[in-house]
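One-letter residues, chain by chain:
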Amino acid sequence: MIEGAIWRRWVFFYIPMAFFLLFLLFPFYWMMITSVRPDGELYRPWNSMNYNPFWTWKPTWDHVRYLFEETLFASWLWNTMFIALVSTVISLVCGVFAGYALSRLNFPFAGSLGTGIFITYLVPQTLLFIPLAEIIRNYRLGDTPWSLILTYPTFLIPFCTWLMMGYFKAVPKELEECARIDGASRWQAMIYIIIPVAIPGILSAGIFAFTLSWNEFIYALVFLSSPEQKTVPVGVTSELIRGDVFYWGPLMAGALLGSIPVAIAYSFFVEHYVAGLTGSVKG
Amino acid sequence: MGQVVLKAINKFYDSVHAVKDVNLQIRDKEFVVFVGPSGCGKTTTLRMIAGLEAISSGDISIDGQVVNELAPMDRDIAMVFQNYALYPHMSVYDNMAFGLKMRKFDRHEIGKRVKEAAEILGIGEYLKRKPRQLSGGQRQRVALGRAIVRHPRVFLFDEPLSNLDAKLRVQMRVELKKLHLRLGTTAVYVTHDQVEAMTLGDRVVVMKDGLVQQVGDPLELYNQPANKFVAGFIGSPAMNFATVTMADGEGRLIAKNSGMEIEVPSTHAERLRPHVGQQVTVGIRPEDLHLAGDADPAGLTFNSKVEVVEQLGSEILLDVRVGEETMVAAVDPTTRAKVQDTLRLAVNPARLHFFDARTERAI
């Protein structure tokens, strides 16, 4: 906290903080207001009567109703949730084992393998979707959730591995040595000791992976075509923007409701998330 | 039974020769301490006994069986680490029970052993707590308890007291000694603290740069150090060293330098005679120096100038200048000495040590 005169606290902390919060939270506020604003107020020029961009006196649930009844938003939510969860689980499992192997086991080329895995992460999705589209087509996975569940790990696994590698390195070697002397095989040492101790790291990796999958756009756009199969980011933008007509109400409602699951996930796990990033485990 | 034999043990890390040709026979129920400065190879040797490091060459056998290729868990050993290595997500009880659970002991046996160990160590009331709720000393005891419940053939200790504060260290030292007397299990203990080595060890192995310098019981190392390193390492404050030239003075041998002329007692004379005209190192422990009185023969005294007076209560440490060298004298607490005083110090002739100037071996 800023010590000293009260005015200092206001000038250097409270006021900048207020601006910062305003800046951060404004988009969400705008989305919320727009989703409940009636069409009449949404589509009129700025110099009409009673023009108030920041508030509405006649909120309506019409847009939300439209979202759930006239579009397949519920299916999109379900698809996205399913795809995100399964991809996260796959990537976490692979990431934990790979991270453990690369940080703990000394085998030939361990270093180059680790670097190699990380480099694949650097290839942008905007380029990679082209060869992947070909593969998806050949395996006839197009327009199914599996096209995404099997391609998301291409960027999720390197990321999880890298995160877990860093985390495992922070777990003291003696813990494992002690377990081995105690009679645990490497597998048992991993299950009973290493993984429980690494849970904060695993949770952070999981949240990150979930968020990355949830928000992913390019692959979902390219590999999914029928409206029932779409994920929230793709569905909301493709079904609610027809040509140059923007269905602002449902669009904003969709955007807001689509960001809620991630917000919930974060809020529940935020302590573990921070602990995972700072590696605060002491044995 | 817990007899450990190390035969020609060597350890290479790439081209670094970390442990050089260690030979040692540890008897059953013996408490052996490996002591030496950081990087001397003592922990590496311990880890080779544990099986946590591969042996580059040589054999380690426990009770006659060569264990080089055996996994740590099959060697029937238990280890206590410097930072305790307690499993942070498990309670004290589970920490101690883990090894037994892995070896498929039944619940009753586990409960019995854990309670027994907890009682010996006085941690019975902490069984449900997690390590982060315990103090350093309590964690230390849990680490010990975890080793005890296994009833191993050999205990291995890797500087277990280094993380404790000074007072607790002294207390735990005594408890460890009592524990060893009670359990009677062979123990191999590694430390850099020579006080721990002296108080705990039945035998002490002094190491430096991967080589064993001397093996013996504490008093042997104190009274008859094999070389200058052991002499300077064991004992606190450290032994004083001075370079002197051996001279012949009317049939008696004199060791002299700019600050003193000491008459060599007959016990050492024979061995030192070949060094006449050469330089040797003389070693005198601070506690073997006292203020010269009338009873001290002149040949065993010398002048010194007091530079620092350290009052310890039980004794006074005087940092003095003797010619061009500085020495420390531990004198009794009633001595009156001030800085800049000139004091005449006397040395106990039976307690002189001489070392070859080049090889540093005891003469």
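Residues numbered from 1 in each chain as written. Chains lettered and ligands numbered in written order. Predicted model: local features only at pLDDT ≥ 70, side-chain atom pairs only at ≥ 80, totals over all residues.

**So, the overall build of chain B**
(1) Moving on: Regarding its fold elements, chain B presents nine helices and 20 strands.
(2) Moving on: Here the C-alpha coordinates of chain B stretch approximately 80 × 45 × 35 Å along the principal axes.
(3) Moving on: Of all 363 residues assigned to chain B, the portion counted as buried reaches 38%.
(4) Moving on: Considering only contacts within chain B whose residues lie at least 6 apart along the sequence, 65% involve residues at least 24 apart. (Helix = DSSP H or I, 4+ residues; strand = E, 2+ residues; numbered from the N terminus. Buried ≥ 20, exposed ≤ 12 C-beta atoms within 10 Å, placed from the backbone. Contact = placed C-beta atoms within 7 Å.)

**Some words on the sheet that holds strand 7 (residues 154–158) of chain B**
Sheet strands line up and pair through hydrogen bonds in the backbone, either parallel or antiparallel.
Residues and elements named next belong to chain B.
(1) Moving on: Within the open sheet, the six strands sit side by side as 6-7-8-3-9-10. Their pairing is mixed. Of all the strands in the sheet, the pair left with one neighbour each is strand 6 (77–80) and strand 10 (211–216). Neighbour to neighbour, the strand axes of the sheet diverge by 15° on average, direction disregarded. (Pairing = 2+ DSSP bridges. Axes fitted to C-alpha atoms, helices over the stretch in contact; angles between N-to-C directions.)

**Notes on the domain arrangement of chain A**
Residues and elements named next belong to chain A.
(1) Moving on: The domain architecture assigned to chain A consists of domain 1 (6–60) and domain 2 (71–278).
(2) Moving on: One C-alpha centre belongs to domain 1, the other to domain 2; they are set 34 Å apart.
(3) Moving on: If you tally residues by element for the side of domain 1 that touches domain 2, the top one is helix 1 (residues 6–36), at four residues.
(4) Moving on: Grouping the constituent residues of the side of domain 1 that touches domain 2 by class yields three nonpolar, two polar and two charged. (Domains from an automatic or database assignment. Nonpolar A, V, L, I, M, F, W, Y, C, P; charged D, E, K, R; others polar.)

**Regarding the pairing of strand 2 (residues 16–26) of chain B**
Residue and element names in this part refer to chain B.
(1) Moving on: Alignment of strand 1 (residues 4–13) against strand 2, held across seven bridges, turns out to be antiparallel. Paired with Tyr13 across the bridge in strand 2 is Val16.
(2) Moving on: Hairpin geometry of strand 1 and strand 2 is characterised by an intervening segment of two residues between the two adjacent antiparallel strands and by a positive phi of about 50° at Asp14.

**Looking at the interface of chain A and chain B**
(1) Moving on: On the side of chain B, 18 residues touch chain A, which itself brings 17 residues to the contact.
(2) Moving on: For the side of chain A that touches chain B, the secondary-structure elements that each account for two or more residues are helix 9 (173–182) and helix 10 (186–197) of chain A.
(3) Moving on: Of all the elements, helix 9 of chain A adds the most residues to the side of chain A that touches chain B, at seven residues.
(4) Moving on: Its residues placed into classes, the side of chain A that touches chain B shows nine nonpolar, three polar and five charged.

**Examining the environment of Lys228 of chain B**
All names here are of chain B.
(1) Moving on: Assignment of secondary structure puts Lys228 in helix 8 (residues 228–233).
(2) Moving on: Look at Lys228 and you get buried, because 22 C-beta atoms sit within 10 Å.
(3) Moving on: Separated by 73 residues in the primary sequence, Lys228 and Thr301 place their C-alpha atoms 23 Å from one another.
(4) Moving on: In contact with Lys228, other than residues within four places in its own chain, are Phe241, Thr281, Phe355 and Glu360.

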